[in-house]
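Tertiary structure, described
Listed below are the residues making up each chain.
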Amino acid sequence: MEQLTHFPGNPFLSFLGQPTETQLEKLNADFAILGVPFGSPYHMQGVASDASNAPSAVRGRSHRFGPMLTHYDFDFGENLFAGQNVRLVDCGDVISDPRSLDDNKTRVTDVVRKILSQGAVPIVLGGDDSIPPLILRAYVDSEPITVLQIDAHLDYRDEVNGIRDGYSSPMRRAKEMPWVEKIVHVGLRGLGSARQQDVEDSRAAGNDLITAKQVKNQGVKCVLDAIEPDAKVFITIDCDGFDPAIMPGTSCPMPGGLDYWEGADIINGVGTKCDVIGMDYTEHFPSLDLGGITSLTLVRLMVTLIGSMLRRG
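These notes cover the structure that comes with them. Keep in mind that this is a model prediction, so the values were computed, not measured. (Residues numbered from 1 in each chain as written. Predicted model: local features only at pLDDT ≥ 70, side-chain atom pairs only at ≥ 80, totals over all residues. Heavy atoms only, no water.)

1. Some details on the sheet that holds strand β7 (residues 145-150)
Where we set the bar: Two strands qualify as a pair provided DSSP detects at least 2 bridges between them. Secondary structure elements are taken from DSSP: a helix is a run of H or I of four residues or more, a strand is a run of E of two residues or more, and numbering for both begins at the N terminus. Residue contacts are defined here by distance: any two heavy atoms, one from each residue, within 4.5 Å place the two residues in contact. Each axis is a line fitted through C-alpha atoms, and for a helix only the stretch in contact is used; angles between axes span 0 to 180 degrees, taken between their N-to-C directions.
Spatial strand order, β1-β5-β2-β6-β11-β10-β7-β8-β9: nine strands in an open sheet with mixed pairing. Two strands lie at the open edges of the sheet, namely β1 (5-6) and β9 (208-211), each paired on one side alone. Taken together, the six bridges between strand β2 (residues 31-36) and strand β6 (residues 121-126) define a ladder with parallel strand orientation. What sits directly across from G35, in β6, is L125. On the sheet, helix α9 (residues 293-312) packs against β2, β5 (88-94), β6, β10 (232-238) and β11 (275-282) and is oriented at approximately 180 degrees with respect to β11.

2. Overview of the packing of aromatic side chains
How we decide: Ring pairs are drawn from Phe, Tyr and Trp, using the six-membered ring of Trp, whenever the two centres fall within 6.5 Å, and their geometry is named by plane angle: stacked under 30 degrees, edge-to-face over 60, tilted for the rest. Buried means the residue's accessible area, taken with a 1.4 Å probe over protein chains only, is under 20% of the maximum for its type, while exposed means over 50%, and partly exposed covers the values in between. Definition used: whenever NZ (Lys) or CZ (Arg) falls within 6 Å of the ring centre and also within 35 degrees of the ring normal, the charge is taken to sit over that ring.
Summed over all chains, the structure comprises four aromatic pairs. The interplanar angle of 25 degrees and the centroid separation of 4.8 Å between the aromatic rings of F7 and F12 together place this pair among those described as stacked. According to the relative accessible area criterion, F7 is partly exposed, its value standing at 33%. Ring centres of Y72 and F74 lie 4.9 Å apart, and the angle between their planes is 75 degrees; on these two criteria the pair is classed as edge-to-face. Residue F74 is classed as exposed on the basis of its relative accessible area of 75%. The ring of F65 carries R64 above its face, with NZ or CZ at 5.1 Å from the centroid.

3. So, the pairing of β9
The following threshold applies: The crossover handedness rule: strands pointing away from the viewer, path from first strand over the helix to second strand clockwise, crossover right-handed.
Bridge analysis of strand β8 (residues 180-188) against β9 gives four bridges, and the strand direction is parallel. Within β9, the residue paired with V186 across the bridge is I210. Considered for its hand, the β-α-β crossover made up of β8, helix α5 (residues 196-204) and β9 is right-handed.

4. Observations regarding the nonpolar core
Note the cut-off: What makes a nonpolar core is a set of buried Ala, Val, Leu, Ile, Met, Phe, Trp, Tyr and Cys residues whose side-chain atoms join them at distances within 4.5 Å.
By size, the foremost hydrophobic cluster in this structure holds 54 residues, and its most contacted members are L148 and V270. Per element, the largest residue contribution to this core is nine residues, and it comes from α9. In terms of nonpolar packing, the next biggest core, distinct from the first, is built from 37 residues, V108, L154, M171 and I183 among them.

5. Structural notes on the pattern of salt bridges
The criterion, for reference: Put simply, a salt bridge is a Lys or Arg side-chain nitrogen that is within 4 Å of an Asp or Glu carboxyl oxygen.
Applying the stated criterion to the full structure yields 23 salt bridges. The partner of R59 in a salt bridge is D93, and the shortest N-O contact between them spans 2.8 Å. Of this pair, R59 sits in helix α1 (residues 54-62) while D93 is found in strand β5, placing the two residues 34 residues apart along the sequence. Taking the relative accessible area as the measure of exposure, R59 reaches 2% and is therefore buried. A salt bridge links D198 to R172; the nearest nitrogen and oxygen atoms lie 3.5 Å apart. Of the two residues, D198 is situated in helix α5 and R172 in helix α4 (residues 170-175); the sequence distance between them amounts to 26 residues. The residues D198 and R172 share a single accessibility class, namely buried. Look at the salt bridges and you will find they share partners, linking R157, R172, D198 and D201 into a network.

6. Thoughts on the side chain of T5
You can see T5 is positioned in strand β1. Exposure remark for T5: the relative accessible area of 0% places this residue in the buried category. Excluding anything up to four places from it in sequence, T5 contacts T22, L24, L34, C91, D93, V94, I95 and V111.

7. Re α5
So the rule is basically this: Here the arc refers to the directions that run from the helix axis out to each C-beta atom.
Inspection of α5 places D198, V199 and S202 among the buried residues, and these make up the whole buried set. Take α5 and look down its axis: the buried residues cluster within an arc of 100 degrees, on one side only. The exposed residues of α5 that point more than 90 degrees off its buried face are Q196 and A204. Looking at the buried residues of α5, the elements they touch are α4, β8 and β9. The positive-phi residue at the C-terminal boundary of α5 is G206, with phi of around 90 degrees.

Here it is in structure tokens:
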């Protein structure tokens, strides 16, 4: 059996100090943590951008909370896992080969597909913003999926200098998948790579575009109302979708993004209303972070999703 994941770093600090498993055929988990440091770069500098260090940074920031998982959680008004015996397993990082970028991309899909076949929900630690389509390709046998994208940018370019699977195009590539029914873009603001045609194309494809200002003025209900009850939802978070006051560690910060409670309430709302089938975050650059608060916020959003899903049952 080909080894698909490994534990980077010595010592390896697992997410929340939870059990580990790289022999995926033996995986016995409700939630599987997976690091995907490498995606589809536009240039050689992007092969191992600082975003490739984010899985280790987030795991390291999470580690101190592992012994507290049975403690009282004020956001839930009880134990985080609601007293349930939750199997949370860290599968390490997808093994990558610098000599074969295409094989690396295929391996990401293969690993996620294996995790799904074992009955676990993948929670992916990115990596740049080219990785969501690599993950979503593994859901080929799924019922129709709604993708909830939290991002300052639309990410709906068809190509950049002939490259069609870079970090400006993940949502267009996702929507081309027959099993992706709809994308709800949330947190849009400011200038980015989108052209007028990209905006029109996304709307024509049946997607919803919700700006950060709309969330601020109308509340998170405008997001939750855009997603059908019991829909199968994949959540993808680009760190620049949040205000840099709480997520400064990203390469394209833009003032006016979601604040913490808006993000947490969206995730909690979707987690309790819908069937969340996976989550990722991308575009965390640890060298740009301040006191590890980006990593800390990501950790809290991920455990918020887990807690919300457990309460949905």
